[in-house]
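# An overview of the molecular structure
Take a look at the letters that make up each chain.
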Amino acid sequence: MSSNLPSVQTGIQILQTGDPSVLKLRDNLPVPTVSSSGVLVKNTYAGINYIDTYFRTGLYPTPLPYVPGKEGEGMVVAVGKDVSSVQVGDRVAYLGGSGSYTQYSDVPEVNVSKVPDHIKDGYGAASLLQGLTAITLIDEAGQVEKGDTVLVTAAAGGVGCYLVQLLKRRGATVIGTASSQEKRDLIKSLGADFAIGYEGWEENVLHITNGQGVNVVLDSVGKDTFDGALNVVRRKGTLVTYGNASGKVPAFDLYRATPKNVKVCRPQLFAYIATREEFEMYTSELFEWIGSAEARVLIHRIYDLSDAAEAHTDIQSRNTIGKLLLKIPQ
């Protein structure tokens, strides 16, 4: 590693799982040593995602102490001997690695992408995880086709805002659920054909679809909406449950999917972008769209790194609209 790099850095560390107060700002974390197939990134922004709260609370177990953050943007300051796709000085966005709520992150080359010059600062960290999640949910998990009717729950959330826009681009009819009129107005402005609240939502979906139900449900709410989602998906439809905002979906009898021959899928992004080829294919599609005039990247707020606990409180309140980012001190 370059002798010009510091040996310690400032970042957020979790020593024990719990509420947002367990996110502790430290100024003595070691700067990671770049691995042979790794890229050392000096972070400018870290993306905050709902999955970060799952690791913080222990819903997704991880060894402690733990540096949170699965998404970042910054400048390459060192590369491993086996790295060929990026070089020192490149502006990149990435997924995974040693944790992005820090000044420096060591990230596997497989999930690092150059950010095109025309993409605004912060948009890499604002779009990569949620945008790739939306694309793979549509293409891989839901296999949505032009003319399909798709229900998106929590449609004003980070992933939801991308889903609405990309589904309309695909030519689908989109029904979005959201908890407030402000959020319903937003998803309508993003192109949703129907924006409904959660009170009586099953009946509303069936009414909109003339009792047929939807071809695909893309559900990030989890426990509170799973049974309803199974009710409103049509015969030979697909139910994709990809989040746990209301809690983990409890175990259920697979026979419940039999009467309508429903396919039930519980995907996670990283299994869709496990190879460099898959990651590059989907990232190229995402950045091409993000750089176009038709895409809207919504940023709720940019927080100081020291306000990470406040950011986690806000994202769990379900009152945010768009992406939450951390600005990393330089």
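## Focus: the pattern of salt bridges
Working definition: two side chains of opposite charge can pair if their charged atoms are close together. Tallied over the full model, the rule gives 12 salt bridges. With a shortest N-O distance of 3.5 Å, R169 and E294 are connected by a salt bridge. In this pair, R169 sits in helix α3 (residues 158–170) while E294 sits in the loop between α7 (276–290) and β14 (299–304), placing the two residues 125 residues apart along the sequence. Residue R169 is classed as partly exposed on the basis of its relative accessible area, which comes to 42%. Among the residues examined, E294 registers a relative accessible area of 49% and is labelled partly exposed. Among the ionic pairs, E310 bridges to R301, the shortest N-O distance being 2.9 Å.

## A closer look at the layout of surface pockets
Taken as a whole, the largest pocket spans an internal volume of roughly 790 Å³. If you trace the largest pocket, you find 41 residues lining it, with Y50, I51, V159, S220 and Y242 closest to the centre. Looking at the lining of the largest pocket, the elements with two or more residues in it are α1 (50–57), α2 (123–141), α3 and β15 (323–327). By residue number, the principal contributor to the lining of the largest pocket is α2, which donates 5 residues. The residue makeup of the lining of the largest pocket, split by class, is 21 nonpolar, 15 polar and 5 charged. Forming the boundary of the second largest pocket are 14 residues, of which N215, K236, G237, T238 and K263 lie nearest the centre. Listing elements by their share of the lining of the second largest pocket, those giving two or more residues are α2, β11 (214–219) and β12 (233–241). Among the elements that take part in the lining of the second largest pocket, β12 stands out by supplying 5 residues, more than any other. Counted by class, the lining of the second largest pocket contains 2 nonpolar, 6 polar and 6 charged residues.

## Observations concerning the side chain of D52
Of note, D52 is situated in helix α1. Although D52 is buried, it forms no salt bridge, and the closest oppositely charged side chain is K323 at an N-O distance of 7.2 Å. The contacts of D52, once residues within four sequence positions are left out, are G47, G69, K70, Y101 and H312.

## A word on unusual backbone geometry
Glycine aside, residues mostly have negative phi angles, and peptide bonds mostly take the trans form. The residue after L64, namely P65, is reached through a cis peptide bond having omega -5°. Locating P65 in the fold gives a position in the loop between α1 and β4 (71–79). Look at Q143: it is not a glycine, yet its phi comes out positive at around 45°. Tracing the chain through its elements places Q143 in the loop between α2 and β8 (149–152). Given a relative accessible area of 56%, Q143 falls into the exposed group.

## Side note on α1
Inspection of α1 places D52, T53, Y54, F55 and R56 among the buried residues, and these make up the whole buried set. Here the buried face of α1 lies against β1 (8–14), β2 (23–30), β3 (38–48) and α8 (308–317). Two residues or fewer after α1 comes G58, characterised by a positive phi angle close to 95°.

## A look at empty space enclosed by the protein
This model, assessed by the stated rule, comprises 1 cavity of 30 Å³ or more. Lining the largest cavity are Q130, G158, C161, Y162, Q165, R296, L298, G322 and K323. Counting residues per element, the lining of the largest cavity draws most heavily on α3, which supplies 4 residues. Of the residues belonging to the lining of the largest cavity, the class tally is 3 nonpolar, 4 polar and 2 charged.

Conventions we followed
- Residues numbered from 1 in each chain as written.
- Predicted model: local features only at pLDDT ≥ 70, side-chain atom pairs only at ≥ 80, totals over all residues.
- Heavy atoms only, no water.
- Salt bridge = Lys/Arg side-chain N within 4 Å of Asp/Glu carboxyl O.
- Helix = DSSP H or I, 4+ residues; strand = E, 2+ residues; numbered from the N terminus.
- Buried < 20%, exposed > 50% of the residue type's maximum accessible area, 1.4 Å probe, protein only.
- 1 Å grid on protein atoms, 1.4 Å probe; cavity = no way out; pocket = protein on both sides within 12 Å on 5 of 7 lines; lining within 4 Å.
- Points joined across faces, edges and corners; volume = space filled by probe spheres on them.
- Nonpolar A, V, L, I, M, F, W, Y, C, P; charged D, E, K, R; others polar.
- Lys, Arg positive; Asp, Glu negative; His and termini not counted.
- Contact = heavy atoms within 4.5 Å.

All we've got here are geometric facts, nothing functional implied.
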